[in-house]
Amino acid sequence: MGKPNTKKDLFELISSEAAACRVCPDLCDRKAVLSNLNGSIDAKILFIGEAPGRQGADRTRVPFSGDQSGRNFDRFLASINLSRDDIFITSAVLCSPRSLSDANRTPKKSEIENCNPFLQRIIELIEPRVVVTLGSIALAALKRIEYHELSLKEAVGNVYRWNGRLLAPLYHPSPQVLASHRREEQQLNDYKIVRNALALMDKKITLYWLPHCSTCQKADTYLKQTGKSVTEYRDIKANPLSRTEVERLSKLVGGANELFSRRARLYRSMGLADRELLDDEMLDLMATEYTFIKRPVLDLGNNAVSGFTGKSYDMVLGKE
Ligand code: SF4
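Residues numbered from 1 in each chain as written. Predicted model: local features only at pLDDT ≥ 70, side-chain atom pairs only at ≥ 80, totals over all residues.

## Observations concerning the site of the ligand
Part 1: Every one of the 14 residues lining the ligand counts as a neighbour, but Cys-21, Cys-24, Cys-95, Asn-114 and Cys-115 are closest to it.
Part 2: With four residues, helix α4 (residues 109-126) is the single largest residue contributor to the shell around the ligand.
Part 3: Tallied by class, residues from the shell around the ligand come to 11 nonpolar, one polar and two charged. (Near = placed C-beta within 6 Å. Helix = DSSP H or I, 4+ residues; strand = E, 2+ residues; numbered from the N terminus. Nonpolar A, V, L, I, M, F, W, Y, C, P; charged D, E, K, R; others polar.)

## Observations concerning helix α5 (residues 136-143)
Part 1: Burial runs high along α5: six of the eight residues are buried.
Part 2: All buried positions along α5 are accounted for by Ser-136, Ile-137, Ala-138, Leu-139, Ala-141 and Leu-142.
Part 3: Buried residues along α5 sit against β1 (45-49), α4, β3 (130-134), α6 (152-155), β4 (160-162) and β5 (165-170). (Buried ≥ 20, exposed ≤ 12 C-beta atoms within 10 Å, placed from the backbone. Contact = placed C-beta atoms within 7 Å.)

## Digging into the sheet that holds strand β8 (residues 297-299)
Part 1: Strands sit in the order β7-β6-β8-β9 across an open sheet of four strands; the sheet is mixed. Looking at the sheet topology across the chains shown, the edges are occupied by β7 (232-235) and β9 (304-306). Each neighbouring strand pair of the sheet contributes to a mean axis angle of 15 degrees, computed without reference to strand direction.
Part 2: As paired elements, strand β6 (residues 206-209) and β7 share four bridges and run parallel to each other. Along β7, the bridge assignment pairs Tyr-208 with Arg-234.
Part 3: Across the sheet, helix α10 (residues 243-253) is in contact with β8 and β9; its angle to β9 comes to roughly 95 degrees. (Pairing = 2+ DSSP bridges. Axes fitted to C-alpha atoms, helices over the stretch in contact; angles between N-to-C directions.)

## Examining the sheet that holds β4
Part 1: Taken in spatial order, the five strands line up as β2-β1-β3-β5-β4 in an open sheet, and their pairing is mixed. Each having just a single partner strand, β2 (87-91) and β4 make up the two edges of the open sheet. Adjacent strand axes in the sheet meet at a mean angle of 30 degrees when their direction is disregarded.
Part 2: Two strands pair when backbone bridges link them, and β4 and β5 are joined in this way by three bridges, in the antiparallel orientation. Each bridged residue has a counterpart across the sheet, and for Trp-162 the counterpart in β5 is Arg-165.

## Considering the domain arrangement of the protein
Part 1: When cut into domains, the protein gives domain 1 (7-201) and domain 2 (206-318).
Part 2: Contact residues are listed per partner, giving nine residues for domain 1 and six residues for domain 2.
Part 3: Taken together, the elements giving at least two residues each to the side of domain 1 that touches domain 2 come down to β4 and α8 (184-201).
Part 4: By residue number, the principal contributor to the side of domain 1 that touches domain 2 is α8, which donates four residues. (Domains from an automatic or database assignment.)

## Observations concerning the pairing of β6
Part 1: The sheet contact formed by β6 and β8 spans three bridges and is antiparallel. Within β8, the residue paired with Leu-207 across the bridge is Leu-298.

So this is what it looks like as structure tokens:
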């Protein structure tokens, strides 16, 4: 093959190098599972498994197919309205590791290390916006590409920022894992986070805040930790909200009362605590004095929340 010019050429080059690879002594008689059958190289979402299974991908050449793990995976994928055409699937180790009795075995550390450059090249080529790891081996393999401290048990069900992308760690769909570690119902629930990550990927998120306010900083840290990218930070002191903007946000958060802060010093000094305020009065106050706005305000365009708690953010971001 000449010099690869296109993404397709480059993929073919990686696939042919993997097919010819004999680096792992115990896997020399196996052929790497990497071809067009792995999915779309333009997919926005990349799934990473452990290694091809004896009855599954090593036989069918299609990752997660032909065995019970594959059937479980297809069911989980369908539960979030994704098809194989939407994704690319690969694994931490491209060749099928076998025991002396020819049964599936866990890949050795050296095999994961040897195959890591292929995984890195696949990620760089596909450039997915969302990476989903299936099982702890796949999650750990990513550490060698860009270090993270995630453990599957604690990280499952959340989305993280990793290597400039969103990372959703999930359990492996094998029957053994379903029976002993993560049951069907839990896995179906975990997969919802993938759908949410995809929905959030292109969504505009505005945070109306004060950069030095500690609650606003906590909200920002929480968003970053859970992999949500704020598209715009708006300092409400430097760039105050208009009456129209205040009115719009108050509708999104559930009414003027939800957006109005009674903690403002002016609230007491103006004697407002002594009487019932009308919605219009609250809107006028918020539009003229930013300290009357309960901050921060997270604005998703069709939904918003004022103030910050992890639970309220999870709800508005669709996690629960
Ligand atoms: S598992 Fe990866 S590194 Fe090892 S022989 Fe197969 S392709 Fe090469």
